[in-house]
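# Structural characterization, general
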Amino acid sequence: MKKCIKKFCVIVAFICGLVLTAVTMLSRSTPEQFNVVEGHALRLPGAIQVTNQKNATGQSVTASALSAGSTYQATLKLFGLFPLKDVKVKVVDQPLVIPCGIPFGIKMYTDGVLVVSMSDVDTSTGPFNPARSAGIKTGDVIVSIDGKTVTTTEQVADIVEESGGKTMTFHIRRDNIAFDIRFTPALSVNENRWKAGLWVRDSSAGIGTLTFFDPESEIFGGLGHAVCDVDTGEILPIASGEIVPAKIYSVVKGAAGTPGELRGGFEAGSLGNLQINGETGIYGNLSTMPVDGQAVPVAMKQQVHTGQAQVLTTINGTTPKLYDIQIDQVRYNDSSPTRNMVVVITDPELLEETGGIVQGMSGSPILQDGMLVGAVTHVFVNDPTKGFAIFAENMLKTMDSVAQSQEEQQGAA
């Protein structure tokens, strides 16, 4: 009898440990805030249940009866028994956007010049790197030199060469912190000119996929991730830029270990200007409507579920097409806002043409249950049939910040 009791206690302790581990992991991976569309209550898929919905004064509320702009607090419980955390819930109007799925060209000019690499200068005393010696690092943005704003690689080279070797002040931005560095160039023996010992970049261009636009504000969102420098991996700080029409001419099929690629070129004209190059994509204002489509609701993250879906993308010419995919995983963790879903390409035609997800498909909108739920962002290098996707809600949040900023600027004017 004692052995049975002991075995029972061990089993109970094991189960309790599993439950505690599950509660801890779910609590950490669950967001602190959710948005719900007016007329709906917060519901989460799986074993998490929503209870104790109360307003700021602690009174119970009927969540589905609240109007847009209202907020309340809810308690999340595993299986309705084990408390996970309290979350804030905000009631919002149903957002409507027009999915695009078309290729577009990106022309971007940086805010300052980005330091992408360094190289030693051949001085009379041997190899020396004045930039590194002064404390400049790869990934730094040079904003100005001796108070003069610099926006091109040519400006930096000319100022350094014409310095005559005198010490200058470089105004640097690093990780959103601005500071000054005293810098003295070095004289190259072979070239007989003053050099900084660094390489900088002032622009970028490429092709991606336009995700959606708001027909009312005419603000667009694309890519689903930031445009980063190819050498440093840093997000390029944008000063100005535009998006232009593009056309896909061919496809390099992806394979395990070798990402594929959509190959295309820029077309004449302009679609709009760029305002933001941020973690969740690029955003700006349209000057021309890119597609003549029907607006669809944007899903809140808790409405996205595993199962069948479709991706809208263009692999030939300029006309997008829907292809079947499977949403394999849904992740709520806010720490990685561009990797919210794992998607699997299942459409035989798309697999035959591309091998799965290829470069240039970033930003391709994902549709499920008649709603825009997200956009493709990254491919699994070792399995091109799979990749990550961002929640459409995350992109919508950034788009709304663009609209709000423009409203504030107009109000100030």
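Being a predicted model, the structure only gives us computed values, none of them experimental.

## Some thoughts on the overall build of the chain
A tally of regular secondary structure across the chain gives five helices and 27 strands. Its C-alpha atoms give the chain principal-axis dimensions of about 90 × 60 × 55 Å. For the chain, with 413 residues in total, the buried portion stands at 45%. When contacts within the chain are restricted to residue pairs at least 6 apart in sequence, those whose partners lie at least 24 apart make up 67%. Side chains of the chain carry 31 positive and 41 negative charges; the gap between the two charge centres is 14 Å.

## Observations regarding the sheet that holds strand β2 (residues 48-54)
What the four strands build is an open sheet, ordered β1-β4-β3-β2; its pairing is mixed. Unpaired on one side and paired on the other, β1 (33-37) and β2 mark the two borders of the sheet. Put simply, the sheet's adjacent strands are angled 40° from each other on average, direction ignored. The pairing of strand β3 (residues 71-78) with strand β4 (residues 82-92) spans eight bridges and is antiparallel.

## Focus on unusual backbone geometry
Even without being a glycine, N192 presents a positive backbone phi close to 55°. In this fold, N192 is placed in the loop between β13 (186-188) and β14 (193-195). Judged by its relative accessible area of 60%, N192 falls in the exposed class. Despite not being glycine, D369 shows a phi value in the positive range, around 55°. Along the polypeptide, D369 turns up in the loop between β25 (365-368) and β26 (371-380).

## Details of the environment of D214
Following the sequence through the fold, D214 ends up in the loop between β15 (198-213) and β16 (219-222). Relative accessible area serves as the criterion here: at 15%, D214 is assigned to the buried category. D214 sits 71 residues away from N285 along the chain, and the two C-alpha atoms are 9.8 Å apart. Filtering out sequence-adjacent residues up to four positions away, D214 remains in contact with L96, I219 and M399. A distance of 2.9 Å separates a polar side-chain atom of D214 from the backbone nitrogen of E216. Looking at D214, its side chain comes within polar contact range of the side chain of S217, at 3.1 Å.

Conventions we followed
As a convention, each chain's residues are numbered from 1 in the sequence order in which they are written. In keeping with the model being predicted, local features are shown solely for residues with a pLDDT of at least 70 and side-chain atom pairs are shown and tallied solely at 80 or more, while totals for entire chains, interfaces and linings include all residues. As a rule here, side-chain values come from all non-hydrogen atoms in the structure, and water together with hydrogens is ignored. Numbering of helices and strands runs from the N terminus; a helix is a DSSP stretch of H or I covering at least four residues, while a strand is a stretch of E covering at least two. Whether a residue is buried, partly exposed or exposed follows from its accessible area with a 1.4 Å probe, protein chains only, as a fraction of its type maximum: under 20%, in between, or over 50%, in that order. Only heavy atoms enter the contact rule, under which two residues are in contact if any of them lie within 4.5 Å. By the counting rule applied here, Lys and Arg register as positive and Asp and Glu as negative, while His and the ends of each chain are not counted. Lysine's charge is taken at NZ, arginine's at CZ, aspartate's at CG and glutamate's at CD. Strands are treated as partners if at least two bridges between them are detected by DSSP. A fitted line through C-alpha atoms serves as each axis, taken over the contacting stretch for helices, and the angle formed by two N-to-C directions is quoted from 0 to 180°. In protein, a polar contact requires one atom able to donate a hydrogen and another able to accept it; more generally it is a pair of N or O atoms within 3.5 Å, and residues adjacent in sequence count only if both atoms are side-chain atoms.

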